[in-house]
Amino acid sequence: MAIERTLILCKPDAVSRGLVGEIVSRLERRGYLLVAMKLMQLDGERARKHYGEHAGKPFFDGLVEFITSGPLVAMCVEGEGAIDGCRQLIGATNPLAAAPGSIRADLAQTIGRNLVHGSDGKESAERELAIFFRDNDYVSRRHDLERWIYEK
Ligand code: IDP
Ligand code: MG
């Protein structure tokens, strides 16, 4: 495995329901490190870019409307195999299909209000992180990585 970076979003429903702390806490308890974090409201252009792979699908317009409807929290999360690991913590897209213990199974009811976004691969992580963060938004957690994560 390798140290990876992934984009995690606490979507507007998570902010509105006061679940940002709960979500961040689950990521931190797994040992993942925050290396960038921003509270922001997305405009339509950036939302359509972020969800570009879904353009043309029946739920696309509603998804863009929802993700731009209020503030969200964007994070870059770092750790060993963090891309798949975060997807595992988040759970399947439809909360009814998500594994018990995952964020979506424990805290969400419907696919359209499933609280969290997590990049689904290396390429999308890189592409998506560039939509939300610039180089100087990132901090180094090298010391923590070595202390807590690396197996010697
Ligand atoms: P993911 O968030 O688990 O990666 P994607 O298939 O990439 O799932 O879809 C992006 C987001 O679009 C989902 O998190 C969900 O909020 C929304 N979405 C996906 N499929 C549907 C659908 O069939 N109806 C309504 N919303 C959907
Ligand atoms: Mg996706």
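Structure: see above.
Residues numbered from 1 in each chain as written. Chains lettered and ligands numbered in written order. Predicted model: local features only at pLDDT ≥ 70, side-chain atom pairs only at ≥ 80, totals over all residues. Heavy atoms only, no water.

Caption draft 1: Looking closely at the site of ligand 1. Every residue close to ligand 1 is listed here: Lys 11, Tyr 51, His 54, Phe 59, Leu 63, Arg 87, Thr 93, Arg 104, Ile 111 and Asn 114. For ligand 1, an oxygen atom lies 3.0 Å from a polar atom in the side chain of Lys 11. Measuring from an oxygen atom of ligand 1, one finds a side-chain N or O atom of His 54 at 2.8 Å. Looking at the shell around ligand 1 residue by residue, the classes come out as four nonpolar, three polar and three charged. (Near = heavy atom within 4 Å. Polar contact = N/O pair within 3.5 Å; in protein donor to acceptor, adjacent residues only side chain to side chain. Nonpolar A, V, L, I, M, F, W, Y, C, P; charged D, E, K, R; others polar.)

Caption draft 2: The arrangement of the sheet that holds strand S3 (residues 72-80) in detail. Here we have four strands laid out as an open sheet, ordered S2-S3-S1-S4, and antiparallel in their pairing. The sheet terminates laterally at strand S2 (33-40) and strand S4 (116-118), the two strands that pair on one side only. This sheet shows a mean twist of 20° between the axes of neighbouring strands, independent of strand direction. Of the pairings in the sheet, the one linking S2 to S3 comprises seven bridges and is antiparallel in character. Directly across from Met 37, in S3, lies its bridge partner Met 75. Packing against the sheet, helix H2 (residues 20-29) makes contact with strand S1 (3-10), S2, S3 and S4, and its axis sits at approximately 10° to S3. (Pairing = 2+ DSSP bridges. Helix = DSSP H or I, 4+ residues; strand = E, 2+ residues; numbered from the N terminus. Axes fitted to C-alpha atoms, helices over the stretch in contact; angles between N-to-C directions. Contact = heavy atoms within 4.5 Å.)

Caption draft 3: Spatial organisation of the state of the cysteines. Scanning the model with the defined rule gives zero disulfides in all. We note that Cys 10 lacks a disulfide partner, and the nearest cysteine sulfur, in Cys 86, lies 11 Å from it. Among the residues examined, Cys 10 registers a relative accessible area of 0% and is labelled buried. Among the cysteines around Cys 86, which has no disulfide bond, Cys 76 carries the closest sulfur, lying 9.5 Å off. (Disulfide = S-S within 2.5 Å. Buried < 20%, exposed > 50% of the residue type's maximum accessible area, 1.4 Å probe, protein only.)

Caption draft 4: Fine view of the pairing of S1. Where burial is concerned, most of S1 is hidden: six out of the eight residues are buried. Pairing between S1 and S4: three bridges, direction antiparallel. Pairing of Cys 10 across the sheet is with Val 116, part of S4.

Caption draft 5: Representation of the side chain of Thr 68 in the model. If you trace the backbone, Thr 68 turns up in the loop between helix H4 (60-67) and S3. Here Val 64 takes part through its backbone oxygen, which lies 2.8 Å from a polar atom of the side chain of Thr 68. Reaching out from Thr 68, the side chain makes a polar contact with the backbone oxygen of Glu 65 at a distance of 3.1 Å. Sequence-distant contacts of Thr 68, defined by excluding residues within four places in its chain, comprise Gln 41, Leu 42, Asp 43, Gly 44 and Ala 47.

Caption draft 6: Fine view of the pattern of salt bridges. Summed over the entire model, instances satisfying the criterion amount to eight salt bridges. Close ionic contact of Arg 26 with Glu 22 constitutes a salt bridge, the shortest N to O distance being 2.7 Å. Here Glu 22 and Arg 26 lie together in helix H2, a separation of four residues that amounts to about one turn. With relative accessibility at 16%, the residue Arg 26 sits in the buried group. Salt-bridge contacts for Glu 146 lead to Arg 142; the nearest nitrogen and oxygen are separated by 3.2 Å. (Salt bridge = Lys/Arg side-chain N within 4 Å of Asp/Glu carboxyl O.)

Caption draft 7: Highlighting the side chain of His 117. If you trace the backbone, His 117 turns up in strand S4. By relative accessible area, which is 10% here, His 117 ends up buried. In terms of polar contacts, His 117 uses its side chain to reach the side chain of Glu 128, at 2.8 Å. Excluding anything up to four places from it in sequence, His 117 contacts Leu 7, Ile 8, Leu 9, Lys 11, His 50, Tyr 51, Ile 90 and Glu 128.

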